[in-house]
Amino acid sequence: MIVAGRTIPALAYPRLTGAPQPGDRVLLNTSALDLGLGTGGYALVVAIPDRLPPDADGPGHLIKARYTPLQARVAGADEPGSDWHGALRDADDLGGMPVVVADLHSAIPAIIAGCRAARPAAAQTGQVPPSGQVPQSGQVPQSGQSELSATGAGRIAYVMLDGGALPAWFSRTTAALAEAGWLAGTVTVGQSFGGDLEAVTLHSGLLAARVALGADLAIVAQGPGNLGTGTRFGYSGIACGDAVNAAAALGGRPVGSLRISQADPRERHRGISHHSLTAYGRVALARADIVVPELGGDLGAQVLAAAQPLAARHNLVSVSVAGLAEALTTSPVPLATMGRGLHEDPAYFLAAAAAGRHGATLAASPGGPDLSYDVERSCVRVVLQDADGRILLFKAQQAGQPGHWWELPGGGIEAAESYRQTAVREIAEETGLSISPEQVGPPRWRRHATWTARGTRRLQHEVVVQVTLDADQPPITDGGRTADELEDYTDARWWPIADLLGSSERFYPGRLRALLPAFLAGAQLDEPFEHWN
């Protein structure tokens with residue numbers, strides 16, 4: 001557009017204003033352009049006064065952007081007269097569908113990349129509408145039957161909140177993702193509009209994604225653009241907490257994607273953004289799986305420590321980022337957040353992809369991972385160090401099973417025992433060494449894990465303690481091991497810490513290498529839940 005001899009970028013929505021033609025005189029709203037906003041830095045066409053659009057016709061009785069000059073009439077999937085009204089009228093259950101919740105619109109392609117990297121492609125069966133096309137009433141796609149079955153999560157739908165841009169047409173990202181077959185469709189809810197389907201509320205939008213789009217997994221995030229004020233509660237992404245509540249209320253499985261950055265110039269957004277900590281820690285009242293990406297190094301330790309307060313309300317789920325950097329490079333749209341790309345801020349995109357990976361894992365098992373257990377017990381694990389700082393680990397292997405691992409000594413707390421008494425007894429039985437209760441350090445590392453051995457699944461609540469010996473690599477003997485330990489333990493080794501941290505062996509606890517340095521430095525650790533096998 002040319003204004004007073006100056007060319008400025010402008011955006012028109014033809015469905016609202018009609019299509020501008022060269023030479024047209026237009027009325028512009030330049031507020032965002034004048035403010036120099038990033039995402040929304042355009043002049044917006046309000047009207048073409050000399051050629052007004054035709055009166056709206058067709059179905060639809062929902063008004064979005066209500067009581068503004070450009071309020072839009074749309075046909076809601078959940079309104080009477082819709083092909084889907086009958087199916088949605090009594091719908092009230094997502095059937096365990098994973099709902100991945102994210103703060104920013106820029107997380108969407110990364111989440112889907114993580115979904116696609118979650119597991120091998122599923123077989124395609126049946127005939128269903130291609131991605132980006134809304135099926136007709138009565139033609140509900142079945143899980144794993146769409147073009148998106150290769151993603152590892154089946155059909156993926158995007159439910160767009162109204163905290164950012166209201167028109168879905170503003171998003172080049174979702175249009176390109178649908179065209180590439182990465183996205184089954186978009187449902188615009190609240191005041192947002194322009195999606196493949198419209199819905200009045202987030203709740204009915206989630207149900208429409210499940211029932212009408214046949215989604216196996218939904219992503220909930222605001223549209224492009226994010227409003228923040230630098231205050232604790234004054235930002236549009238706080239709706240993540242409400243989205244967790246909505247997904248849980250409808251029988252979905254909410255998955256929280258953490259907004260993480262290693263490059264944001266604003267301290268409040270480095271590591272885990274205060275937006276995520278507030279939305280999940282204060283606003284989300286239902287329990288969700290909060291995905292903590294295994295980033296490693298100082299940043300990984302910072303993220304893990306910052307996530308700990310969320311454990312009081314949610315399940316902290318540690319997810320490997322192995323292979324996700326490569327998966328992100330396959331995105332059909334450019335990856336960018338706040339002007340930073342994958343190479344400038346990889347942690348942001350890896351965190352979103354990790355959430356997608358976890359969501360796809362849940363979608364792959366409709367009933368959820370089997371966390372039923374046969375035995376529940378409290379246990380003590382001991383970081384036993386010799387005089388030179390080496391750490392004792394037992395090499396273990398289940399009879400008839402491939403592979404082995406190295407584990408910390410320790411065992412179950414018996415009736416009337418304290419954790420110190422258990423540590424003394426277990427060290428005597430498993431190693432033949434004698435320690436006193438006074439040598440047993442405080443339980444600074446707390447963890448919960450489930451694992452199966454000999455057909456029995458255990459749910460264990462463990463504390464990890466530190467014990468330091470005066471001797472250098474004292475010999476290890478059988479001081480009264482159980483029958484299972486006699487069968488499973490094939491070796492014992494005093495590991496130099498550097499060797500342990502650099503090893504590619506498997507350990508129990510599974511995050512021993514990642515958490516050991518912080519533990520030895522005196523940190524208090526509340527580890528995310530571990531599904532070990």
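Summary of the structure given here. (Residues numbered from 1 in each chain as written. Predicted model: local features only at pLDDT ≥ 70, side-chain atom pairs only at ≥ 80, totals over all residues. Heavy atoms only, no water.)

**Remarks on the overall build of the protein**
Alright, step 1. Of regular secondary structure, the protein possesses 15 helices and 29 strands.
Alright, step 2. For the protein, the spread of C-alpha atoms along the principal axes amounts to about 95 × 50 × 40 Å.
Alright, step 3. In the protein, buried positions account for 50% of the 533 residues.
Alright, step 4. A sequence separation of at least 24 residues applies to 72% of the contacts in the protein between residues at least 6 apart.
Alright, step 5. With the model as given, the accessible surface of the protein reaches about 23,300 Å², and the carbon-plus-sulfur share is 52%.
Alright, step 6. Here the protein holds 41 positive side-chain charges and 53 negative ones, and the gap between their average locations is 5 Å. (Helix = DSSP H or I, 4+ residues; strand = E, 2+ residues; numbered from the N terminus. Buried < 20%, exposed > 50% of the residue type's maximum accessible area, 1.4 Å probe, protein only. Contact = heavy atoms within 4.5 Å. Areas by Shrake-Rupley, 256 points an atom, 1.4 Å probe, with all protein chains shown as cover. Lys, Arg positive; Asp, Glu negative; His and termini not counted. Charge placed at Lys NZ, Arg CZ, Asp CG, Glu CD.)

**Thoughts on the packing of aromatic side chains**
Alright, step 1. On inspection of all chains with the given rule, the structure shows 8 aromatic pairs.
Alright, step 2. Both rings, one in W406 and one in W495, keep their centres 5.2 Å apart while their planes meet at 80°; by these two values the pair is edge-to-face. With a gap of 89 residues between them, W406 in strand β22 (residues 405-407) and W495 in strand β26 (residues 489-495) connect regions that are remote in the sequence. Residues W406 and W495 agree in their burial class; the two are buried.
Alright, step 3. Taken together, a centroid distance of 5.5 Å and an interplanar angle of 75° make the contact between W495 and F507 edge-to-face. (Phe/Tyr/Trp six-rings, centres within 6.5 Å; stacked < 30°, edge-to-face > 60°.)

**A closer look at the pattern of salt bridges**
Alright, step 1. Throughout the structure, instances matching the rule amount to 25 salt bridges.
Alright, step 2. In this structure, R390 engages D388 in a salt bridge whose closest nitrogen and oxygen atoms are separated by 3.5 Å.
Alright, step 3. Owing to a relative accessible area of 53%, D388 belongs among the exposed residues under this scheme.
Alright, step 4. A salt bridge links E429 to R425; its shortest N-O distance comes to 3.4 Å. With a gap of 4 residues between them, E429 and R425 both fall in helix α12 (residues 419-431), about one helical turn apart.
Alright, step 5. Beyond isolated ion pairs, a larger network of salt bridges with shared partners links E294, R381, E407, R447, E462, R511, E527 and E530. (Salt bridge = Lys/Arg side-chain N within 4 Å of Asp/Glu carboxyl O.)

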